[in-house]
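Letter by letter, the chains look like this.
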Amino acid sequence: MAVVIYPKTMNWSYMKQRPQQLMTQLGALGHQVFFENLAPVNQEFREIEKNVYLFTDTKTFLYRKLPQLRKVHPIVVWTTWSKMRTRINTLFNPDTVIYDCCNEFPHWAKYEPKMVDSADHLVCTSEVIQARLNLAYPNKPITLIPNGADASFFQIPVQDRPADLPTGPVVAYIGAWAYWVDHTLFATLASVFPHVQFVSIGAPYGSSRDYKNLPNVHILGEKPHDELKRYLPHIDVALIPFQYHPITLASNPIKAYEYMAAGVRVLSTALPECILMEPHVTTATTHDDFIYKLSHMLSNPDNQDKKLARMAYAQQHRWVERGIQANQVIQTTLASKGLNGGVR
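Residues numbered from 1 in each chain as written. Predicted model: local features only at pLDDT ≥ 70, side-chain atom pairs only at ≥ 80, totals over all residues. Heavy atoms only, no water.

### With respect to unusual backbone geometry
Step number 1: Omega for the peptide link from Glu278 to Pro279 comes to 10°, which places this bond in the cis form.
Step number 2: Within the element layout of this structure, Pro279 appears in the loop between helix H10 (272-275) and strand E16 (282-284).
Step number 3: The residue Phe45 is not glycine, and still its phi comes out positive at about 60°.
Step number 4: Tracing the backbone shows Phe45 in the loop between strand E2 (32-36) and strand E3 (46-49).
Step number 5: Phi is positive for Asn93, close to 45°, though the residue is something other than glycine.
Step number 6: Within the element layout of this structure, Asn93 appears in the loop between helix H3 (85-92) and strand E6 (96-101). (Helix = DSSP H or I, 4+ residues; strand = E, 2+ residues; numbered from the N terminus.)

Take a look at the structure:
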């Protein structure tokens, strides 16, 4: 197996996103994973998940830890940030680099060509990104690994309603409260359905509108990932109310899988990846369409067969399966360099 380094991009505790999920799965499969945390940690090289270690003391890692590891294992860097190219090559000198293109942030685009040039294999989250990468870099191997469902969301124990969750019907959005959320749509829905409580759970990211004049809108802020399971059983409809934007049109929303794993009905803007999830996800093309479909969902009780079908769909798309795909990319890439099976 290999040593897999995820260079500093985020904190391990910042929500629970693709990097943490994939690194957890790679650790479970036997790789030694070193996640470079942005914020200082209480204990260097603390095992946060099986075979997954946090560190922030880069010098100690580079001059004490890494040389010993390098004697036995090939070194793989898995990065999701194209700006990391120079730092990866200068500091870690890995045997192979995997660039995981999981977002289409416009301000990252200028760094991508050099990152791709230095990467041995490209991974992407959506068919839109895959198509673009295939056209832009026809000579690079590319593997599509979408996002997935956290296995712990399938069996949520019955718990009391969280104290900060308002009573009555709940329509909720869980995720970054970001500028790509269609805040006009969210406010419009709250105005059209005054008897429904509209809830946002997630970290603020950029600016959003003021909802103070809408008493049925409740911005609860970020919650620990495990705590989300307390809220999901009490949600009537879960939303993905995104604007049509380069970021969202290329996204494969993790929240869709988590909503479905918990059995919750999902209504989303008609994003390409969400359209592929129909009929388990309902999509709407316009604000009026969104209002019509939400009205229908609120007026009609959920169907048990459809709920089980949603959960079954999510079961086929767990992070466990995504980790197996990521491991295959690592093994194939190492083998192409004569490091068969991750053995030096």
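### Thoughts on the sheet that holds strand E14 (residues 237-240)
Step number 1: Spatially, six strands are ordered E13-E11-E9-E14-E15-E16 in an open sheet, and the strand pairing comes out parallel. Two strands in the sheet have a free side with no partner beyond their single neighbour: strand E13 (217-221) and E16. The mean inter-strand angle of the sheet, taken between neighbouring strand axes irrespective of direction, is 25°.
Step number 2: Bridge count between E14 and strand E15 (residues 265-269): four bridges; the pairing is parallel. (Pairing = 2+ DSSP bridges. Axes fitted to C-alpha atoms, helices over the stretch in contact; angles between N-to-C directions.)

### Digging into the pairing of E3
Step number 1: By the bridge criterion, three bridges tie E3 to strand E4 (residues 52-55) in an arrangement that is antiparallel. Bridge assignment links Glu47 to a residue of E4, and that residue is Tyr53.
Step number 2: Two successive antiparallel strands, E3 and E4, enclose a turn made up of two residues, where Asn51 displays a positive phi of approximately 65°.

### A word on the nonpolar core
The tendency in soluble globular proteins is for nonpolar side chains to be buried as a group.
Step number 1: Judged by nonpolar contacts, the single largest core of 61 residues is most densely connected at Leu189, Phe198, Leu232 and Met260.
Step number 2: Residues in contact with Met260, not counting those within four places in the same chain, are Val266, Met277, His280, Val281, Arg310, Met311, Tyr313 and Ala314.
Step number 3: Of all hydrophobic cores here, the second largest spans 28 residues; its members include Val3, Met84, Cys101 and Ile129. (Core = buried A, V, L, I, M, F, W, Y, C linked by side-chain atoms within 4.5 Å. Buried < 20%, exposed > 50% of the residue type's maximum accessible area, 1.4 Å probe, protein only. Contact = heavy atoms within 4.5 Å.)

### Points about H3
Step number 1: Of the positions making up H3, those classed as buried are Arg87, Ile88 and Phe92. Down the axis of H3, the sector holding all buried residues measures 100°, keeping them to one side. (Arc of directions from axis to C-beta.)

### Digging into the side chain of Thr79
Step number 1: When you line up the elements, Thr79 lands in strand E5 (residues 75-79).
Step number 2: You can call Thr79 buried: its relative accessible area is 0%.
Step number 3: Other than its neighbours up to four places away in sequence, Thr79 contacts Tyr6, Pro7, Met84, Ile88, Ile98, Tyr99, Asp100 and Met115.

### Focus on the packing of aromatic side chains
Geometry of an aromatic ring pair is reported as the spacing of the ring centres plus the angle between the planes.
Step number 1: Counted according to the given criterion, the structure contains 19 aromatic pairs.
Step number 2: Measuring from centroid to centroid gives 5.1 Å for Tyr6 and Phe35, while their planes differ by 15°, and the two rings are stacked. With Tyr6 in strand E1 (residues 3-6) and Phe35 in strand E2, this residue pair connects regions lying 29 residues apart in the sequence. Each member of the pair Tyr6 and Phe35 is classed as buried.
Step number 3: Ring geometry for Phe61 versus Phe92: centroids 6.2 Å apart, planes at 65°, classification edge-to-face. Of this pair, Phe61 sits in helix H2 (residues 58-72) while Phe92 sits in helix H3, placing them 31 residues apart in sequence. Here Phe61 and Phe92 have matching classes, each one buried. (Phe/Tyr/Trp six-rings, centres within 6.5 Å; stacked < 30°, edge-to-face > 60°.)

### Re the pairing of E5
Step number 1: Taken across its five residues, E5 has five buried, putting it largely inside the fold.
Step number 2: Residues of E5 alternate between two faces, with Ile75, Val77 and Thr79 on one and Val76 and Trp78 on the opposite face, all of them buried.
Step number 3: For E1 and E5, the ladder comprises three bridges, and the chain directions are parallel. Following the sheet pairing, Ile5 is matched in E5 by Val77.
Step number 4: Pairing of E5 with E6 involves four bridges; the strand directions are parallel. Its bridge partner being in E6, Trp78 is matched across the sheet by Ile98.
Step number 5: Regarding topology, H3 serves as the crossover connection from E5 to the parallel E6, and that connection is right-handed. (Right-handed = clockwise from strand over helix to strand, strands pointing away.)

### Regarding the sheet that holds E1
Backbone hydrogen bonds hold the strands of a sheet together, and the pairing may be parallel or antiparallel.
Step number 1: Read across the sheet, eight strands follow the order E3-E4-E2-E1-E5-E6-E7-E8 without closing on themselves; strand pairing throughout is mixed. The outermost strands of the open sheet, each flanked by one partner alone, are E3 and strand E8 (142-144). Pairs of neighbouring strands in the sheet enclose a mean axial angle of 25°, with direction left out of account.
Step number 2: Sitting on the sheet, H2 is in contact with E1, E2, E4 and E5, with an inclination near 165° to E2.

### A few points about the environment of Asn147
Step number 1: Its place among the elements puts Asn147 in the loop between E8 and strand E9 (170-174).
Step number 2: With 141 residues separating them along the chain, Asn147 and Asp288 place their C-alpha atoms 29 Å apart.
Step number 3: Residues in contact with Asn147, not counting those within four places in the same chain, are Arg18, Thr125, Asn252, Ile254, Tyr257, His317, Trp319 and Arg322.
Step number 4: Side-chain polar atoms of Asn147 contact the side chain of Arg18, separated by 3.0 Å. (Polar contact = N/O pair within 3.5 Å; in protein donor to acceptor, adjacent residues only side chain to side chain.)

### A closer look at the pattern of salt bridges
Step number 1: For the coordinates displayed, the defined rule picks out eleven salt bridges.
Step number 2: Here Glu112 ties to Arg132 by a salt bridge, and the two come within 2.8 Å at their closest N and O atoms. With Glu112 in helix H4 (residues 112-118) and Arg132 in helix H5 (residues 127-136), this residue pair connects regions lying 20 residues apart in the sequence.
Step number 3: Residues Lys337 and Asp120 are paired through a salt bridge, measuring 3.1 Å at the closest nitrogen-oxygen approach. Within this pair, whereas Lys337 is found in the segment after helix H13 (319-336), its partner Asp120 is found in the loop between H4 and strand E7 (121-124), the two being separated by 217 residues in sequence. (Salt bridge = Lys/Arg side-chain N within 4 Å of Asp/Glu carboxyl O.)

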